[in-house]
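# Understanding the architecture of this molecule
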Amino acid sequence: MGTQADRQIPVHARPEGVTDDEVKAAGVLSNALETVERARGALYDFHQLIGHADLMLDEVVELLRTSGNDELADQVEKELMGRNVVEGRWTFQLVEEFDENYWSFFRECEQVVRDKLAGGVPHLFEAEMKERRRTHGLRHHEARP
């Protein structure tokens, strides 16, 4: 892996003939993808939290048995431990289906739109906004590193 100095920093230049509406459409779609990425992170949080809670049930069952509550321990072990979170699925299956059926398609679609409307340039909308909002010539307002 190279250093940051070795990496190519994209030039955020609008391709010739691209309209404001096209730049905005690509930008809004990229923003929507960023929101989906956040949702995906929340889904992974959900997956790990449910998994952790299920593993904690081992201790619950042990404590119930130790305290003489075998009937309750049996109920937790039989009815709750390892239970599907939705019909027929554990959370890892939800994550896999989300990734395969939605997230991956969303990413591909965003890339196609960005390629066709913005020449593949990422964050063109934001780059143009930065250019409009920065103070030219002032330190910490440079266009690029």
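Along every chain, residues carry numbers that run from 1 in the direction the sequence is written. Reporting in this predicted model follows two pLDDT cut-offs: at least 70 for local features of residues, and 80 or more for side-chain atom pairs to be given and counted; totals over whole chains, interfaces and linings ignore these cut-offs and use all residues. Only heavy atoms go into the side-chain values, all of them from the structure, while hydrogens and water stay out.

Turning our attention to the confidence of the model for the chain. On average, residues of the chain score 92 in pLDDT, and 93% of them are at 70 or above. Ranking the helices and strands of the chain by mean pLDDT puts helix 2 (residues 70-80) first, with 98, and helix 4 (residues 124-133) last, with 90. Residue-level confidence of the predictor is summarised by pLDDT, bounded by 0 at the bottom and 100 at the top. Per the convention used, a helix needs a DSSP run of H or I reaching at least four residues, while a strand needs a run of E reaching at least two, with both numbered from the N terminus.

Glancing now at the pattern of salt bridges. Put simply, a salt bridge is a Lys or Arg side-chain nitrogen that is within 4 Å of an Asp or Glu carboxyl oxygen. Under the criterion given, the structure shown has ten salt bridges. Here D20 and R14 are joined by a salt bridge, their closest N and O atoms 2.9 Å apart. Burial classification: accessible surface area is computed with a 1.4 Å probe over protein chains only, and a residue below 20% of its type maximum counts as buried, one above 50% as exposed, and the rest as partly exposed. Overall, the relative accessible area of 55% leaves D20 in the exposed class. With its nearest N and O atoms 2.8 Å apart, the salt bridge here joins D74 to R65. Among the ionic contacts, a cluster of salt bridges with common partners joins R65, D70, D74 and E77.

On to the environment of A73. Examined against the element boundaries, A73 turns out to sit in helix 2. Sequence-wise, A73 and V60 are 13 residues apart; in three dimensions their C-alpha atoms are separated by 7.5 Å. The residues contacting A73, other than those within four sequence positions of it, are V61, L64 and R65. Any two residues having at least one pair of non-hydrogen atoms within 4.5 Å are treated as being in contact.

Put simply, two rings from Phe, Tyr or Trp (the six-membered ring, in Trp's case) pair if the centres are within 6.5 Å, and we call them stacked under 30 degrees between planes, edge-to-face over 60, tilted for the rest. Throughout the structure, instances matching the rule amount to three aromatic pairs. Taken together, a centroid distance of 5.8 Å and an interplanar angle of 35° make the contact between F98 and Y102 tilted. Within this pair, F98 and its partner Y102 are both found in helix 3 (residues 91-118), separated by four residues, close to a single helical turn. By relative accessible area, Y102 is classed as partly exposed at 43%. Measuring from centroid to centroid gives 5.7 Å for Y102 and F106, while their planes differ by 55°, and the two rings are tilted. Here F106 and Y102 lie together in helix 3, a separation of four residues that amounts to about one turn. On the accessibility criterion, F106 (14% relative accessible area) is buried. Ring pairing ties together the aromatic residues F98, Y102 and F106, which thus form one cluster. Here, a charge over a ring is recorded when the distance from Lys NZ or Arg CZ to the ring centre is within 6 Å and its angle to the ring normal is within 35 degrees. The lysine or arginine in question, R40, covers the ring of W103, its NZ or CZ lying 3.6 Å from the ring centre.

All right, on to the packing of helix 1 (residues 20-66) against helix 4 then. Between the N-to-C directions of two axes lies an angle of 0 to 180 degrees, each axis being a line fitted to C-alpha atoms and, for a helix, fitted only over the stretch in contact. With their axes 7 Å apart at the nearest point, helix 1 and helix 4 run at an angle of 110° to one another. Accordingly, the angle class assigned to the pair helix 1 and helix 4 is roughly perpendicular. Side by side, helix 1 and helix 4 meet where V23, K24, G27 and E34 of the first sit next to L124, F125, E126 and E128 of the second. The nonpolar class holds Ala, Val, Leu, Ile, Met, Phe, Trp, Tyr, Cys and Pro. Asp, Glu, Lys and Arg form the charged class, and all remaining residues, Gly among them, are polar. Of the residues contributing to the contact of helix 1 with helix 4, the split by class is three nonpolar, one polar and four charged. Roughly parallel here means an angle under 35 degrees, roughly antiparallel means over 145, roughly perpendicular means 65 to 115, and every remaining angle is called oblique.

Attention now moves to the environment of E142. Mapped onto the elements of the fold, E142 is located in the segment after helix 4. Between the alpha carbons of E142 and D21 there is a distance of 26 Å; along the sequence they are 121 residues apart. A 3.5 Å cut-off defines polar contacts: any pair of N or O atoms within that distance qualifies, except that in protein one atom must be a possible hydrogen donor and the other a possible acceptor, and neighbouring residues in sequence count only when both atoms are side-chain atoms. Within the structure, the side chain of E142 is placed 3.0 Å from the backbone nitrogen of H140, a separation counted as a polar contact.

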